[in-house]
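So you can see what is in the structure, the chains are spelled out below.
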Amino acid sequence: MSARPRLLVVGSPSLDLLHLGGRSVRSAGGAGLYTALAAQRVGAAVTVVAPRPDPMPAELEPADRLLDWRGPPVPPSALPHFEIEYFPDGRTVYRQAVRGSEGDIRYGDIPDAGPGAFAYVVPLLDPELQLGFARRLAAAGVRVGCGTYAPGIRAHPEVVERVVEASHYFFCNEEEAGLLFGSLDRVAVAPGRAVFVTRGPRGARVVLGDHAIDVPAPEVEQVDPTGAGDTFCGTALARVAAGDHPAIAARVAAACAAETVTDIGPAPLLSDSPPPPAPRDARVRLDRDRFRRVAGVIATAPEAAAFDFTGADFPEPGDPAALDFFFAGTVQQFGFWHERAGRYGEPMIASLDGRARKGSDYLWAAYRRWAREAPDELAPAGQAVLDDADFDHRLRDDGGHNPLPAGTLHPACARAYGRDMLGLGLTPASLLAEANATERPLARFLARLDAVGGYKEDPWRKKSALLAAILNQRPERFLRLGKGEDVPPIVDYHCQRSCLRLGVVSVNDETLAAKLAKREVVSAEEEEAVRAACYEAVGEVRRLSGRSMGAVDWFFFQNRTRCPEMTEPDCAACPADPVCAHRTRLFQPVFRTAAY
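Engineer: Help me understand the overall build of the protein chain, please; the structure alone is not making it clear to me.
Structural biologist: In terms of regular secondary structure, the protein chain is built from 21 helices and 21 strands. Against the globule reference of 25 Å for 596 residues, the protein chain gives a C-alpha radius of gyration of 26 Å, in line with a compact fold. In terms of principal-axis extent, the alpha carbons of the protein chain reach across some 80 × 50 × 45 Å. Across the 596 residues of the protein chain, 57% fall into the buried class. A separation threshold of at least 6 residues defines the contact pool for the protein chain, and within that pool the share at least 24 residues apart is 69%. Looking at the protein chain as shown, the accessible area adds up to about 23,400 Å², and 50% of this sits on carbon and sulfur atoms.

Structure representation (structure tokens):
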């Protein structure tokens, strides 16, 4: 969301001697160097805070040209330097580790970044020094990332544990996670904090508070493993600073880290070529020509008009309960369909107040009733202690039963939302006030929801994006958008069905295509392949159409009536009929999730 996020990197580059593949190579190195170059390569403006060699060694000159390097002058011999040997069985042995001038870094050398800025403090040989930097930066309102290393954990476990607590974003590998947390599966931090655990060729795990998301890594031929973890750190933090969900940032970071190991030293990070994209599943492809044609329809279609979320099932403009209604209600916008014998059965339709209502329409009406009966229960404190029976009662249909097909997923999401909001000390009003006070309100709003249960679990941010659209489009204009900001793609199952049938997304894999046509339950990987492609497609359609995401989303959402689940499409009623591929046998991925 920002073309040029800023990142401070505290930690010195080094001059290293590498032994690998039967040869010895001198190379620029150091966690500070790899982290800074990786962040710069994915679009960040990077300031490195470290002693600066004078004269500048030839190995470091290319990096010096790309980075804003600030710090006291030192002779090149005073730089840290390492001698590292890599073995074919994966072992790494540090033959020599010289701290050099690393300990000469002072907090006064760090330029004033201001609240909301991002910084990364490398795993210094002295963890106490790293902890001091992290605490002072965090106290100044800076979003702080820190890394670690196994010998430091073994020598100073209590200090490194305090570094974890002081970090908004903590980075470690799987061995280090085991030393700090006991095992990979036990990694957890306070609400609003994130841990990134790199796992080599198995990708990475992102833990947001207590929720874990695994991301893959591409397969590559390894030449030099030096700096892979630091490349991951710099890339991930830069992309989070730019506005990505942490798990999406980790996807990009895993791809960049994989590229780093394909050459000696930081050479890939100094390349003029663009950074590698996150891997795209080959089973699904995008039709960019059809993007343009569909975008042309949406650009002029009267149906592409942002909905203001008012009416009988929504709070009146100015209603003091509106924010709690929308924050708590949008958490539940998922899962409105029934599974039958491993296939899609039918959409959820239930009666409320004598009227049959489908899915989302039922949910809004039930929450409107809830807001009248017990508005305090919709506040974070009320949601945090909500039990299953109380939730079922509030969502009851005319027969007295909760008709939502996803069962206990719904009250679990309500409690997760309430507990995280309380843990972060937030209310809907305070979150919006904080976001609206910044230059990029939407980016801050989405980043805050990345730490809130019921929203944070979805890397593609469907519910977060929907809530942002609601709050911006309501008559009260609860959320303002900064210059150049727009809501990210809102991709639910109606949107995916439209993308597949229109042909903006095609399925190359016959097995997956057959599953979609037969409406069979798919795997998490298959669902991810389709949804990721649809996310990219909708983003491109929005860009080419020139319409807001709210308008594009309303077009796709209304398409549920023209291209429905259980009856033949009414193509004559669809504005996109002239540009449609008419792949009407295809269906959205059938996959139970709380994301949409």
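Here the narrative resumes.
Engineer: In this structure, what is going on with the environment of Ala282? I would like to understand it.
Structural biologist: Topologically, Ala282 is positioned in the loop between helix H8 (246-260) and strand S16 (284-286). The spatial distance from the C-alpha of Ala282 to the C-alpha of Asn508 is 7.6 Å, given a sequence separation of 226 residues.

Engineer: Hey, could you run me through the pattern of salt bridges in this one?
Structural biologist: A side chain with one charge may pair with a side chain of the opposite charge, provided their charged atoms come close. Under the definition given, this model contains 40 salt bridges. Between Arg154 and Glu175 there is a salt bridge, and its shortest N-O distance comes to 2.7 Å. In this pair, Arg154 sits in helix H4 (residues 150-155) while Glu175 sits in helix H6 (residues 174-181), placing the two residues 21 residues apart along the sequence. The exposure class assigned to Arg154 is exposed, which follows from its relative accessible area of 52%. Of the residues examined, Glu175 reaches a relative accessible area of 44% and is grouped as partly exposed. As a salt-bridge pair, Glu174 and Arg199 come within 3.3 Å of each other at their nearest N and O atoms. Here Glu174, found in helix H6, pairs with Arg199, found in the loop between strand S13 (194-198) and strand S14 (204-208); they are 25 residues apart in sequence, far enough to count as distant. The class of Glu174 is partly exposed, set by a relative accessible area of 23%. One salt-bridge network, in which partners are shared between bridges, spans Glu373, Glu377, Arg394 and Arg396.

Engineer: What should I look at first to understand the sheet that holds strand S3 (residues 23-29) in this one?
Structural biologist: Sheet strands line up and pair through hydrogen bonds in the backbone, either parallel or antiparallel. The strand order S3-S2-S8-S9 describes an open sheet built from four strands, whose pairing is mixed. On the outer flanks of this sheet lie S3 and strand S9 (92-98), each paired with one strand and no other. Direction aside, neighbouring strands of the sheet carry axes that sit 20 degrees apart on average. Relative to strand S8 (residues 81-86), strand S2 (residues 14-20) is paired through five bridges, and the arrangement is parallel. In the sheet register, Leu18 faces S8, and the bridge partner there is Ile84.

Engineer: Quick question: what am I supposed to make of the packing of aromatic side chains here?
Structural biologist: Counted according to the given criterion, the structure contains 26 aromatic pairs. Ring centres 5.4 Å apart and planes at 25 degrees place the aromatic pair Phe325 and Trp364 in the stacked group. Residue Phe325 is located in helix H10 (residues 322-330), and its partner Trp364 is located in helix H11 (residues 359-373); the two are separated by 39 residues in the primary sequence. Considered together, Phe325 and Trp364 belong to a single accessibility category, that of buried residues. Members of the aromatic cluster, connected to one another through ring pairs, are Phe307, Phe309, Phe314, Phe325, Phe326, Trp364, Trp554 and Phe557. Positioned above the aromatic ring of Phe555, the side-chain terminus of Arg562 is 5.3 Å from the ring centre. Taking NZ or CZ as reference, Arg592 lies 3.9 Å from the ring centre of Trp337, over its face.

Engineer: Just to check I follow, could you spell out the state of the cysteines for this structure?
Structural biologist: Working definition: the covalent bond between the sulfur atoms of two cysteines is a disulfide. Evaluation of the coordinates by the stated rule reveals zero disulfides. Just so you know, Cys563 is unpaired, no disulfide at all, and the nearest cysteine sulfur is the one on Cys571, 6.6 Å from it. With no disulfide of its own, Cys574 lies 6.5 Å from the sulfur of Cys580, the closest cysteine sulfur.

Here is what the cut-offs are and how they apply
Residues numbered from 1 in each chain as written. Predicted model: local features only at pLDDT ≥ 70, side-chain atom pairs only at ≥ 80, totals over all residues. Heavy atoms only, no water. Helix = DSSP H or I, 4+ residues; strand = E, 2+ residues; numbered from the N terminus. Rg over C-alpha atoms; globule rule 2.2 N^0.38 Å. Buried < 20%, exposed > 50% of the residue type's maximum accessible area, 1.4 Å probe, protein only. Contact = heavy atoms within 4.5 Å. Areas by Shrake-Rupley, 256 points an atom, 1.4 Å probe, with all protein chains shown as cover. Salt bridge = Lys/Arg side-chain N within 4 Å of Asp/Glu carboxyl O. Pairing = 2+ DSSP bridges. Axes fitted to C-alpha atoms, helices over the stretch in contact; angles between N-to-C directions. Phe/Tyr/Trp six-rings, centres within 6.5 Å; stacked < 30°, edge-to-face > 60°. Lys NZ or Arg CZ within 6 Å of the ring centre and 35° of its normal. Disulfide = S-S within 2.5 Å.

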